Amino acid sequence: MPDVHTTLELEIRYGEFRPIQLEEVFAKNFGAQIHPRRILIRGDPGIGKSTLCRKLAYDWAVGATYMQQRDFRVVFLIEVRQLQGSIKDAIFEQLLPSDLPEQSKKDLWLYVQQNQRRVAIILDGIDELDSKIETDIMGLLHCRILKYAPVLVTSRPDPHGRKSPNAYDRFIVNKGYTLENAISFVHKYFKPLEQETDYIQLVEGIQMSPYLRDLATNPLNTFSYALFGKTTKLCQRQGVNCMIS
Ligand SMILES: Nc1ncnc2c1ncn2[C@@H]1O[C@H](COP(=O)(O)OP(=O)(O)OP(=O)(O)O)[C@@H](O)[C@H]1O
Ligand SMILES: [Mg+2]
């Protein structure tokens, strides 16, 4: 978790983007008075949205400097796929012990309401929301509840991802790996084999082929590519004929 590389681009005007760092996701816009309250991160399947959410939660838990500067007292990471009702229920069901006394739940919720600016809520995968579920998630996005809490939402690029475009005051696109990130991943993954020539062949594959280069911007594809390469090399070395269908 400490090393998570990804490419993020912030929309500064409609259709116009600039690169930003992971550490800036919750930060104020340059010259702005207030922090963004409703943030959308959109990205292709497997591009690393959930990993990014986990990285943000991890950085808060270990007290990373940028999280300390933002002064969050608590960060809730909710998987929208598992949402069965209200956001409040999801926080208790997904994140807290099931035998938490009722009074503690009440106290915690009161704390959340009274300290909204310091309570970050991350909703991972809003495109996976079950439309049959009755939930207050849209109320949260439209600031009808927890108006001042920073809420970060991730979505695949489907019509639901921006179905409330006015709800978001920040829009970020997750573009996955740079070429360097992909190569460094293959390196890390391949290292235990300690066969430099095999590793070089794989890296050259990414560098030479525009198709593979494009594919490797997606961490899931890079992983599959490295796994496939490693398995094939291992099989070759052991004299086994490998066939992957
Ligand atoms: N920055 C990264 N570094 C290393 N591995 C990554 C990174 N981002 C994603 N991965 C790996 O790629 C796979 C897919 O990532 P992840 O689940 O975060 O994608 P996603 O965008 O949330 O996908 P989905 O749209 O299906 O929800 C995971 O196995 C994850 O470990
Ligand atoms: Mg995901």
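What you see is a predicted model, and the numbers here were worked out from it, not measured in a lab.

1. Some remarks on the overall build of the protein
Alright, step 1. Across its full length, the protein holds nine helices and seven strands.
Alright, step 2. Burial statistics for the protein: of 245 residues in total, 28% are counted as buried.

2. A look at the site of ligand 1
Alright, step 1. Around ligand 1, 16 residues are found, and the nearest of them are Gly48, Lys49, Ser50, Thr51 and Pro219.
Alright, step 2. If you list the elements that add at least two residues to the shell around ligand 1, you get α1 (49-61) and α9 (219-237).
Alright, step 3. Two domains share the shell around ligand 1, each providing at least three of its residues, namely domain 1 (7-176) and domain 2 (179-237).

3. Structural notes on the environment of Ile121
Alright, step 1. Relative to the assigned elements, Ile121 resides in strand β5 (residues 119-124).
Alright, step 2. The exposure class of Ile121 is buried, given the 21 C-beta atoms found within 10 Å.
Alright, step 3. For the pair Ile121 and Phe76, spaced 45 residues apart in sequence, the C-alpha separation works out to 4.9 Å.

4. Remarks on the environment of Leu140
Alright, step 1. One can find Leu140 in helix α5 (residues 137-141).
Alright, step 2. Since 22 C-beta atoms lie within 10 Å of it, Leu140 is described here as buried.
Alright, step 3. Leu140 sits eleven residues away from Val151 along the chain, and the two C-alpha atoms are 8.2 Å apart.
Alright, step 4. Not counting the four nearest positions on each side in its chain, Leu140 is found in contact with Ile87, Ile145, Leu146 and Val151.

5. Re the pairing of strand β7 (residues 170-176)
Alright, step 1. As defined by bridge partners, strand β1 (residues 7-13) adjoins β7 across four bridges and the pair is classed as antiparallel. Paired with Thr7 across the strands is Gly176, a residue of β7.
Alright, step 2. By the bridge criterion, four bridges tie strand β3 (residues 38-42) to β7 in an arrangement that is parallel. Counterpart to Leu40 in the pairing with β7 is Phe171.

6. Observations regarding the sheet that holds strand β4 (residues 74-79)
Alright, step 1. What the seven strands build is an open sheet, ordered β2-β1-β7-β3-β6-β5-β4; its pairing is mixed. Both edges of this open sheet fall to β2 (16-20) and β4, since each of them pairs with a single strand only. Direction aside, the axes of adjacent strands within the sheet are offset by 25° on average.
Alright, step 2. Two strands pair when backbone bridges link them, and β1 and β2 are joined in this way by five bridges, in the antiparallel orientation. When the sheet's bridge partners are listed, Glu9 is paired in β2 with Pro19.

7. Details of the nonpolar core
The nonpolar side chains of soluble globular proteins are, as a tendency, buried together.
Alright, step 1. Counting residues in each nonpolar core, the largest one holds 36 residues, and the members touching the most others are Ile39, Ile78, Ile122 and Val151.
Alright, step 2. Secondary-structure elements contributing two or more residues to this core are β1, β3, α1, β4, α3 (87-95), β5, α5 and β6 (151-155).
Alright, step 3. At five residues, β5 tops the list of elements feeding residues into this core.
Alright, step 4. Excluding residues within four positions of it along the chain, Val151 makes contact with Arg37, Arg38, Ile39, Ile121, Leu123, Leu140 and Leu141.
Alright, step 5. Of all hydrophobic cores here, the second largest spans nine residues; its members include Ala182, Tyr199, Leu202 and Ala216.

8. Description of α1
Alright, step 1. Relative to the 18 Å expected for 13 residues at 1.5 Å per residue, α1 spans 19 Å between its end C-alpha atoms, a close match to the ideal helical length.
Alright, step 2. Every buried residue belonging to α1 is among Lys49, Leu52, Cys53, Leu56, Asp59 and Trp60, and all of these are buried. For α1, the angular spread of buried residues about the axis comes to 125°, placing them on one side.
Alright, step 3. On its buried side, α1 packs onto β3, α2 (65-70), β4, β5, β6 and β7.
Alright, step 4. One or two residues past the end of α1 sits Gly63, with phi positive at roughly 75°.

9. Regarding unusual backbone geometry
Alright, step 1. Phi angles above zero are rare outside glycine, and Asp71 is one such case at about 60°.
Alright, step 2. Locating Asp71 in the fold gives a position in the loop between α2 and β4.
Alright, step 3. Despite not being glycine, Leu146 has its phi angle at roughly 45°, a positive value.
Alright, step 4. One can find Leu146 in the loop between α5 and β6.

10. Overview of the confidence of the model for the protein
Alright, step 1. Across the protein, pLDDT averages 84, with 85% of residues at or above 70.
Alright, step 2. Taking the mean pLDDT of every element in the protein, the minimum, 71, falls on α9 and the maximum, 96, on β5.

Scoring rules and cut-offs
- Residues numbered from 1 in each chain as written.
- Chains lettered and ligands numbered in written order.
- Predicted model: local features only at pLDDT ≥ 70, side-chain atom pairs only at ≥ 80, totals over all residues.
- Helix = DSSP H or I, 4+ residues; strand = E, 2+ residues; numbered from the N terminus.
- Buried ≥ 20, exposed ≤ 12 C-beta atoms within 10 Å, placed from the backbone.
- Near = placed C-beta within 6 Å.
- Domains from an automatic or database assignment.
- Contact = placed C-beta atoms within 7 Å.
- Pairing = 2+ DSSP bridges.
- Axes fitted to C-alpha atoms, helices over the stretch in contact; angles between N-to-C directions.
- Core = buried A, V, L, I, M, F, W, Y, C linked by C-beta atoms within 7 Å.
- Expected span 1.5 Å × (residues − 1).
- Arc of directions from axis to C-beta.
- pLDDT = per-residue confidence, 0-100.

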